[in-house]
Each structure stands twice: as C-alpha cells, then as structure tokens.
Amino acid sequence: SLHHCAQVSSLRVAALVPVKHLPRLPAALVDLLASPHIIKVGCGIQADVKKLEKEFGFRCAGVCDLAHVARHMQDKGVAFPNLPSTKKVGEGLQSLAATFGAVMKKPKKVQMSNWEALPLNQMQQQYAALDAYAAIFTAVSLHALQGRGRLRGRRGGAAGSKEGREETGQSSGRAMTTISAGFDREERQIRPGCTD
C-alpha cells in the first residue's frame, strides 16, 4: 500500500520518500511533519500519521483530514460546485476532487501493485505524486469555496488562495523522487507534467 512511501506536495511538485526503506526519516521531513505551521492534508490520513509516529518516534502536527472538513462545510450549508445539494460529499480523495471538477485516473492495477519495491516504477511514481497533488488541489479548492461563502441562500465576498510553500531538504543519501503535476483545465484532469 501507499504507506510505504511518504508523499509531500506543493502546487508545483510532489516528492516521494520511500520511508519503508529508511532507518530514520530525513531531518527536513521530520521538521515538516512536526511543524504546526505547515498543514498536512489528505483523506483518511490519521492511520498513516499514527504509523509514522509509532515507527519513527516523533509527533506530527498540523494534520487535516479533507473528508472531515468537507463534511463539516456541507453540514454548515456550503454548496459544492459539482455536487447536487441532496447528495452527501464523498469520503475519498477521488470523489472530493471530482466535486471541484477534477478527474483522477487511479488504475486498480497500480493501486494493488508492490509498494515496497525500490525504486517504484514510473506508474507507481505518477500514481503517488498525483494522489499527493490531488490532496493539495482539493485543500486549496475547499479553502477557496469556504472563503467565497457559497452558503445556500447567502452571498459572500470573493477570496483568493495563496500558493503553498515548497519545502526542500536532503534525503540522507536515499533516492527521493520528484514529479511535476498539475490540473489540466482543458481536460479537467489532474495529471503529471502539467503546470496549471
């Protein structure tokens, strides 16, 4: 499964760190994960966070489950752009990204492949990077939607979103893969090599 590979993404690049093969995490990654000022997002990420904390002996801070945020927003009356008002927002990253018009192609063959392999093959790298980028895309979209105040029956002001900072660090001599990814507005899909 994907928990053998830590995925870190900005709006422009995703880094994949093969944590299963490391005796300890790179200091820069620990600093990033432990910082309450850098928000870590995903869907259903609590189990992965607890596993990292237990295996590597540190405390993650600033963790945000996007599915929880989306459910809370919907409960407060926020309308999602590509979701009928009678339908509940999805729990998974793929369905959440779809509520903002993004299509994620997640082949089952890749999902079920050997994630302990080193190095990961190109399809696994793209899958993991796109998953990480989709989390950032969805978080930024949720933030923008919340800022616009798209509440049923009420109008709010416009809000902008700031691009996330990229964090870099050494990978203790181990391979760290970086992949460019983005949202192709014409094809409405998240894909590698796209620079929005």
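Residues numbered from 1 in each chain as written. Predicted model: local features only at pLDDT ≥ 70, side-chain atom pairs only at ≥ 80, totals over all residues. Heavy atoms only, no water.

Moving on: helix α1 (residues 27–34). Among the residues making up α1, those that are buried are Leu-29, Leu-32 and Leu-33. All buried residues of α1 fall inside an arc of 95° around its axis, so they share one side. Those residues of α1 that are exposed and aimed more than 90 degrees away from the buried face are Ala-27 and Asp-31. On its buried side, α1 packs onto β1 (6–9), β2 (13–17), β3 (40–42) and α2 (46–56). (Buried < 20%, exposed > 50% of the residue type's maximum accessible area, 1.4 Å probe, protein only. Helix = DSSP H or I, 4+ residues; strand = E, 2+ residues; numbered from the N terminus. Arc of directions from axis to C-beta. Contact = heavy atoms within 4.5 Å.)

Another aspect to go through is the side chain of Ser-9. Mapped onto the elements, Ser-9 comes out in strand β1. A distance of 3.5 Å separates the side chain of Ser-9 from the backbone oxygen of Val-13, its partner in a polar contact. (Polar contact = N/O pair within 3.5 Å; in protein donor to acceptor, adjacent residues only side chain to side chain.)

This paragraph deals with the pairing of β2. Of all the five residues making up β2, four are buried; the element is thus mostly covered by neighbouring parts of the structure. Across four bridges, the pairing between β1 and β2 is antiparallel. Paired with Ala-6 across the strands is Val-17, a residue of β2. Where β1 folds back on β2, the antiparallel hairpin that results is connected by three residues. (Pairing = 2+ DSSP bridges.)

Our next topic: the pattern of salt bridges. Pairing is possible between side chains that carry opposite charge, provided their charged atoms lie close to one another. Considering all chains together, one arrives at five salt bridges under this definition. Among the salt bridges present, the one from Lys-51 reaches Glu-55, with a minimum N-O distance of 2.9 Å. Taken together, the residues span about one helical turn, with Lys-51 and Glu-55 both in helix α2 at a distance of four residues. Residue Lys-51 is classed as partly exposed on the basis of its relative accessible area, which comes to 34%. Relative accessible area serves as the criterion here: at 48%, Glu-55 is assigned to the partly exposed category. (Salt bridge = Lys/Arg side-chain N within 4 Å of Asp/Glu carboxyl O.)

This paragraph deals with the environment of Pro-81. Mapped onto the fold, Pro-81 is located in the loop between α3 (66–75) and α4 (93–98). Considering only alpha carbons, one finds Pro-81 and Gly-101, 20 residues apart in sequence, at a separation of 8.0 Å.

Moving on to the packing of aromatic side chains. Throughout the structure, instances matching the rule amount to three aromatic pairs. Aromatic pair Phe-80 and Phe-100: ring centres 6.0 Å apart, planes at 65°, arrangement edge-to-face. Highlighted residues: Phe-80 in the loop between α3 and α4 and Phe-100 in the loop between α4 and α5 (108–111), separated in sequence by 20 residues. Classification of Phe-80 as buried rests on a relative accessible area of 4%. Using a relative accessible area of 10% as the deciding quantity, one classes Phe-100 as buried. Aromatic pair Trp-115 and Tyr-127: ring centres 5.8 Å apart, planes at 55°, arrangement tilted. Of the two residues, Trp-115 is situated in the loop between α5 and α6 (122–148) and Tyr-127 in helix α6; the sequence distance between them amounts to twelve residues. A relative accessible area of 3% places Trp-115 in the buried class. (Phe/Tyr/Trp six-rings, centres within 6.5 Å; stacked < 30°, edge-to-face > 60°.)

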